[in-house]
Each structure stands twice: as structure tokens, then as C-alpha cells.
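Observations on the three-dimensional arrangement
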Amino acid sequence: MNYFNRLQKKINKYKAIYAKQPKKAVIKLLWWNFTQLFKLTFSDSTSTSSNCPKPLLDKISIHMSGGIGDILMSINYSCYLFDYIKNDIKAIDFYVKDPSVVKELIDEPNFNIYSNNKLKQDKPNYLLSFKIDRFPLITENNLELLDKCDEKLKNLVKIYKEFYQLNKKIVCNSPSIDSLSNQYSIINKQNRMQQPDIYGCLKISDSEYKFTPPIKDEKRVLQELSLDVIEFITINRGVDSSNTESESNKLYPIDSYNELVKLIKKRFNKYKIIQLGVSIDRCKLIDGIDIDLVGKTSLNQLKVILKNATLHIDCEGGMVHLRKSLQGGVSVVIFGPTSSRFYGYPDNINISSDACSMSCEWINDNWTSHCINKQHNHICMKSIKPIEIFQKIENILKNQKDTQNESII
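Just so you know, these numbers come straight off a predicted model, no measurement behind them.

1. Remarks on the pairing of strand E10 (residues 331–334)
Where a strand is regular, its side chains alternate between the two sheet faces. Judged by which residues are buried, E10 turns out to be covered on both faces: Ser331 and Val333 on one side and Val332 and Ile334 on the other are all buried. With four bridges connecting them, strand E9 (residues 311–315) and E10 associate as parallel partners. Of the residues in E10, the one forming a bridge with Asp314 is Val333. This β-α-β element, E9 to helix H12 (residues 318–325) to E10, shows right-handed connectivity. As paired elements, E10 and strand E11 (residues 349–351) share three bridges and run parallel to each other. If you follow Val333 over to E11, its bridge partner there is Asn350.

2. Structural notes on the sheet that holds E9
Taken in spatial order, the six strands of this open sheet run E8-E7-E6-E9-E10-E11, and their pairing is parallel. With one partner strand each, in any of the chains shown, strand E8 (291–292) and E11 form the two edges of the open sheet. Along the sheet, helix H11 (residues 299–308) makes contact with strand E6 (232–236), strand E7 (272–276) and E9, crossing E6 at roughly 120°.

3. What to know about the sheet that holds strand E5 (residues 136–141)
Taking strand neighbours across the sheet as the criterion, the five strands line up as E3-E2-E1-E4-E5 in an open arrangement whose pairing is mixed. At either margin of the open sheet sits one strand with a lone partner, and together these are strand E3 (111–115) and E5. Direction aside, the axes of adjacent strands within the sheet are offset by 25° on average. Where strand E4 (residues 126–132) meets E5, five bridges bridge the pair, whose relative direction is antiparallel. Opposite Leu128, over in E5, you have Asn141 as the bridge partner. Together, strand E1 (56–64), strand E2 (91–96), E3, E4 and E5 form the strand contacts of helix H3 (residues 68–85), whose direction differs from that of E1 by roughly 160°. Helix-sheet contacts for helix H6 (residues 151–166) involve E4 and E5, and the interaxial angle to E5 is about 115°.

The rules behind the values
Residues numbered from 1 in each chain as written. Predicted model: local features only at pLDDT ≥ 70, side-chain atom pairs only at ≥ 80, totals over all residues. Heavy atoms only, no water. Buried < 20%, exposed > 50% of the residue type's maximum accessible area, 1.4 Å probe, protein only. Helix = DSSP H or I, 4+ residues; strand = E, 2+ residues; numbered from the N terminus. Pairing = 2+ DSSP bridges. Right-handed = clockwise from strand over helix to strand, strands pointing away. Contact = heavy atoms within 4.5 Å. Axes fitted to C-alpha atoms, helices over the stretch in contact; angles between N-to-C directions.

In short, geometric facts, not functional conclusions.
Pasting the structure below:
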């Protein structure tokens, strides 16, 4: 990318972010130009423009971050975006920290998956580039290089820029500002799936993914794990390694889980209970489980298990989103500091307490490890009784049994 292309990219970026702060944009551009002066001075004088990568005007790029749940949301947004602007582009290039994980989640010919390092090395030019955590932020815009493009694409970029000008705080300061971005979406009747859909342009569903993660050798995996001849319920009590606090406030107390499992086994002993989790050091084992698979599954095996479970019990997190994307059936999700209105799927059983009047996610930087309710520590979770959760589970399993009996008749 030559100097003028890099300059245009910076101008586009600062125009979107600092539309109402031109002085700040000027200062940043002055400093950037100052650094470029030294780069140009000491660069190889024999280099020519032919060595610069040509603009990839038939592609866009999306830089994704976060855990599996966040990545699933970003992929889903990308599928809707591709369908919306497919008249102008032929592919989307994803740039992520761990390409192997993303390749397990999406296998479509119109999506290419690369590591962040490749983006830093090659520095390709795209028609559009996005960075997405919660809201998609345009970081590169080369629409002016096209002879013509669909009015839908022009209009989308225009709408996004207007949104950035009005909502710079929640666009540019994730995750520390996520409590406000969640409120913004709830006010606008959007849940986590729909949040990237600025002003609802793409019409993203609140519960149905536009793609299904691929699964390899489903029957063989079930047979190898001896799960092909039993009915089973899965439970996860843990957060992934992207969360610095292993015993997060998002987790239902271990003693309450022990009681819940006892209630399930007493009433529905035909179901084997499988505990899942990223690793034993991040997931305390629950009393009474039948099969311990904590830290013992590949991502492909996890997909197979979650898809085929009769029921999944969890806190709000990646496994719930993964099961939903796999069309795996109902999950019972126990909510604490995060909002069931925002993160919950309408066809799951979303359980939360009214002991706290609102969710506290990202009200401070330590929300996962220190409850901000100084009078009643962790009351959002502690006030939910195991019997209340069991009654919801009982209704689901009884209804499934009744449905099976009707089909036999």
C-alpha cells in the first residue's frame, strides 16, 4: 500500500470516528504524517508502485475477536452482510487470532479465514474493512475506487457513518462500555444476535443463525464416546480461557448445582448427565454426574455432544450459543450479572432473579470477580433455588416424553 492509499485510509477512519472533533483528527493526522516521513526517508528508494498490493475491490475483510460466542455472532452478521452486498463482492476474508477455531465454526466457499499475523504482513487493500466486537466499525473504505456500486452498499456505509458519529462511545470502547451498548440494543428491541445489525438494515433474526457450523463424523464420534445408545443431558459450569476469572460471578454456585443434579437423577434416572468444560482447573466437578468430559473433548466432539443432548444446562456463554447455532434444541440458561433480555434466545428457558433490579455486566472492570452489590453478595445467583430450575427442567422432559408417546401411537 503506497503513501496516498494509507493516507486515504487514515482520513476515512478519522472522518468516521472524529466527525465532530476535527481538531483531534488534525493532530492525529499530523503525527501520523510525521512518522510516515521517516518511513519514506529510510525506505528502499528503488521500490516501485508495482510492488504494492493491488486493491481487492471484489472483497471485504472482517477482523473478529472474543470467545466462541462473540465469534459466532460476528460470523452470523457476516453471512447477513454478504447476502446484502453480494452484487458488489465475491468473498469475505476473516482475520482472527486462532483460524483453526473459526474453521470449525464456518465452512462456506465465500469466506476465507486467516490469522491476524497475515493481515499485518501483507497489508492488503479491501473494498471495505471492518473491525467487529459488538458493532461493526469500518476501518477502510475504498468505495471511491469503484466505477459503480450498488446503491444498497453506498447507503449501508452512509448509515454506519451516521451511527458512528452519534454513538462513538459504544462503538469504540468495547468491552469496557458493553453495559451501555447492551442498554442501547435493548431499548431498540435487539438482542445479542441482532446487535451488530445497525438500525436493522440486514434484518438479522433474534434466534435463527444464517449458517450451521460443520460437524465431522457425527455418528462415529457418538459411538466412540458410547453416547449413541443412551439419552443424555449436558451441563457446563465454567467460563472459557478468554475470561481471566475462572470462578466468575456468571457461574451458578457449585452447591446449588450439586442439589440440582440430585433432583434430576431422582426424577429422571434414565438420562445420563455429562459435565463439559474447557479444563478441570476452570470447571469444578459437580457431584452425581455420570460422565466427566471436562477438558477431554475436541471442538468437533463438543459440537456433536451439544447437538445431540436432550437438554443443556449452563450459564450464559459460548456453549449455549454454539448449541443454538447447531440447532441442537433447548438450553436451560441460568443468568446472573448478564441480562437475559439481551443474551437470551426466545426459545430457550432463561432463568434469572429479580433480587437485583438490573444486570451489572461491565459496570466496573472487576464485575466477574467482585459483586458490586455490597449488601447482598452474588444475590442474583444465590437467590435462584435449585428446585425452581428443576421444575422448568421437569416440564421440558415431561413434554418431550409426551411427544414421543404421541408419535408412537
